[in-house]
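# Reading the structure
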Amino acid sequence: MVPTSPSSSPVAAPADIVSLARDARTVVVLTGAGMSAESGVPTFRDAQTGLWARFDPMELATPEAWKRDRAFVWAWYVWRMGLVSGARPNAGHRALARWADAWHPHGRHVRIATQNVDDLHERAGSEVLAHVHGSLFAHRCERCDTPYEDPVVTPESPVERIEPPSCARCGAAVRPGVVWFGEMLPEGEFAAALDAATRADLVLVVGTSGIVHPFAGLPLAARDAGVPVVEVNPVDTELTHLIDYRWRAGAAVALPALVDAVLSAGVVGR
Ligand code: BV8
Ligand code: ZN
């Protein structure tokens, strides 16, 4: 029995959501940028800060921007790598890891599929079933896909252009290991997320505006498969009107409260 921290969270988890979670054997958590907001990582829609404030991430996260000016786009990703490396997993990330660890020995699962390209779930101790938009730290050759594993130095202060490294195998430019707008998602990642979401006993959608497809289709696919879907977000989103349960709270407050309530009822399940 994993000792659950006495409920230190300032909110009480809604009884209907606690009951759904207590009855579940497999919970799938679909996360977006809001999951990392309380770690200080700006969400995709928040105005960017500093040097990058005047650029639109939707423009920058595209193959066209990369082809137009690799050094400019690479500098943006190096800045973001620095932001994430300087951030720490928040209580929401940690709560999900604690939940999965407590349930796993009893054949119960908490699986995470994320849009986020940061590594905060992993650094909190979670295994991530799918990073459907890739990872900020998985650089690869733009031509031969060879992974680039040398360290990338983040300059002290943000600079607007940094020449990307060259591939040791073919000499082409090394690109960020993320999925840009207009690019296909990694086949296996999305399929794994879809399979898990539609076979789960409960789906939690945490910190996503539900704008970016095909990930935004996952909660709907789960609902259509008869899976109860809960939205954890301080505000309404594109998904809200399609979702059964909404919990207007931040991830770092809601998730610890939910996990405390679920684990206080025991881990073996009904
Ligand atoms: C695709 C990696 C098939 C990069 C990202 C025209 C041509 C081509 C495609 C399209 C097109 N028109 C539409 C499309 C599809 C397009 C799309 O969906 N566009 C949108 C804008 C309409 N999708 C794609 O292109 C995808 N590929 O469709 O391939 C294809 C291919 C060719 C041609 C046709 C089809 C690829 C999409 C992947 C893009 N890459 N990331 C990088 O990071 O640099 S997406 C990026 O933005 C993030 O990964 C994330 O997924 C998304 C941001 O969304 P959110 O995570 O939801 O974050 P957001 O800021 O929006 O919201 C934050 C939420 O958190 C808010 O609701 C807020 O209230 C909440 N919040 C705040 N604080 C908290 C909180 N919640 C909880 N707690 C808190 N404390
Ligand atoms: Zn190469």
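Within every chain, residues take consecutive numbers counted from 1 along the sequence as written. To label them, take the chains in the order written and letter them from A, then take the ligands in the order written and number them from 1. In view of the model being predicted, local features appear only for residues whose pLDDT reaches at least 70, and side-chain atom pairs are presented and counted only at 80 or more, with totals across whole chains, interfaces and linings using the full set of residues. Computation of side-chain values: all heavy atoms of the structure, hydrogens and water removed.

Before going further, it helps to spend a moment on the coordination of the zinc ion (ligand 2). Metal-coordinating donors are taken as N, O and S atoms lying within 2.8 Å of the metal, or within 3.2 Å when the metal is Na, K or Ca; because water is left out, some sites can appear incomplete. Taken together, Cys141 (SG), Cys144 (SG), Cys167 (SG) and Cys170 (SG) make up the protein donors of the zinc ion (ligand 2), found 2.2 to 2.3 Å from the metal. When four donors show all angles between 85 and 135 degrees the site is tetrahedral, when four or six donors have opposite pairs over 155 degrees and all other angles between 65 and 115 it is square planar or octahedral respectively, and in every other case it is irregular. Coordination at the zinc ion (ligand 2) is tetrahedral, judged from the four donor atoms that bind it and the angles of 99 to 123° they form at the metal. All donors to the zinc ion (ligand 2) come from one chain, and their sequence spacing reads C-x2-C-x22-C-x2-C. Taken as a pair, Cys144 in the loop between strand S4 (139-141) and strand S5 (147-148) and Cys167 in the loop between S5 and strand S6 (174-175) lie far apart in primary sequence, 23 residues in all. Each residue's exposure class comes from its accessible area (1.4 Å probe, protein chains only) as a fraction of the maximum for that residue type: buried when under 20%, exposed when over 50%, partly exposed otherwise. Look at Cys167 and you get buried, because its relative accessible area is 7%. By the criteria applied, helices consist of DSSP H or I runs no shorter than four residues and strands consist of E runs no shorter than two, each listed in order from the N terminus.

Turning to the side chain of Asp118, a few remarks are in order. In this structure, Asp118 sits in the loop between strand S2 (109-114) and helix H7 (120-123). We treat Lys and Arg as the positive residues and Asp and Glu as the negative residues; His and chain ends play no part in the count. A side-chain nitrogen of Lys or Arg and a carboxyl oxygen of Asp or Glu constitute a salt bridge if their distance falls within 4 Å. Comment: no salt bridge for buried Asp118; closest opposite-charge side chain is Arg123, at 7.2 Å. Definition of a polar contact: a pair of N or O atoms within 3.5 Å, with one able to donate and the other able to accept a hydrogen when the atoms are protein atoms, and with sequence-neighbouring residues admitted only if both atoms are side-chain atoms. A polar contact of 2.6 Å, which involves the side chain of Asp118, links it to the side chain of Ser36. Looking at Asp118, its side chain comes within polar contact range of the main-chain nitrogen of Leu120, at 3.0 Å. In what follows, residue pairs with any heavy atoms lying within 4.5 Å of each other are defined as contacts. Setting aside anything within four residues of it in sequence, one finds Asp118 in contact with Ser36, Val84 and His131.

Moving on: the packing of helix H8 (residues 187-199) against helix H9 (residues 217-224). Axis definition: a line fitted to C-alpha atoms, limited for helices to the stretch in contact. Angles are taken between N-to-C directions and run from 0 to 180 degrees. Interaxial distance between H8 and H9 falls to 8 Å at its minimum, and their mutual angle equals 35°. By crossing handedness, the relation of H8 to H9 is classed as right-handed. Between H8 and H9, the contacting residues are Phe190, Ala193, Leu194, Ala197 and Thr198 on the first element and Leu218, Ala221 and Ala222 on the second. Its residues assigned to classes, the contact of H8 with H9 comprises seven nonpolar, one polar and no charged. The handedness criterion is simple: a crossing whose near helix is rotated anticlockwise from the far helix by less than a right angle is left-handed, and one whose near helix is rotated clockwise is right-handed. Under the scheme applied, nonpolar residues are Ala, Val, Leu, Ile, Met, Phe, Trp, Tyr, Cys and Pro; charged residues are Asp, Glu, Lys and Arg; polar residues are all the others, including Gly.

Right, let's talk about the sheet that holds S4 for a bit. Paired strands, as defined in this entry, are two strands with at least two bridges between them according to DSSP. Ordered by their spatial adjacency, three strands build an open sheet running S5-S4-S6, and the pairing between neighbours is antiparallel. Looking at strand neighbours, the two that pair on one side only are S5 and S6, the edges of this open sheet. Two elements, S4 and S5, share two bridges in a ladder whose sense is antiparallel. Counterpart to His139 in the pairing with S5 is Tyr148.

Here the idea is simple: oppositely charged side chains can pair when their charged atoms come close. If you walk through the whole model with that rule in mind, you get 11 salt bridges. Among the ionic pairs, Glu231 bridges to Arg248, the shortest N-O distance being 2.7 Å. Linking Glu231 in strand S8 (residues 229-232) with Arg248 in the loop between strand S9 (245-247) and helix H10 (251-263), this pair joins segments that are 17 residues apart in sequence. Under the relative-accessibility criterion, Glu231 is labelled buried at 1%. For Arg248, a relative accessible area of 31% gives the class partly exposed. A salt bridge links Asp236 to Arg248; the nearest nitrogen and oxygen atoms lie 2.8 Å apart. In this pair, Asp236 is assigned in the loop between S8 and S9 and Arg248 in the loop between S9 and H10, connecting sequence segments 12 residues apart.

Nothing here speaks to function; it is geometry throughout.
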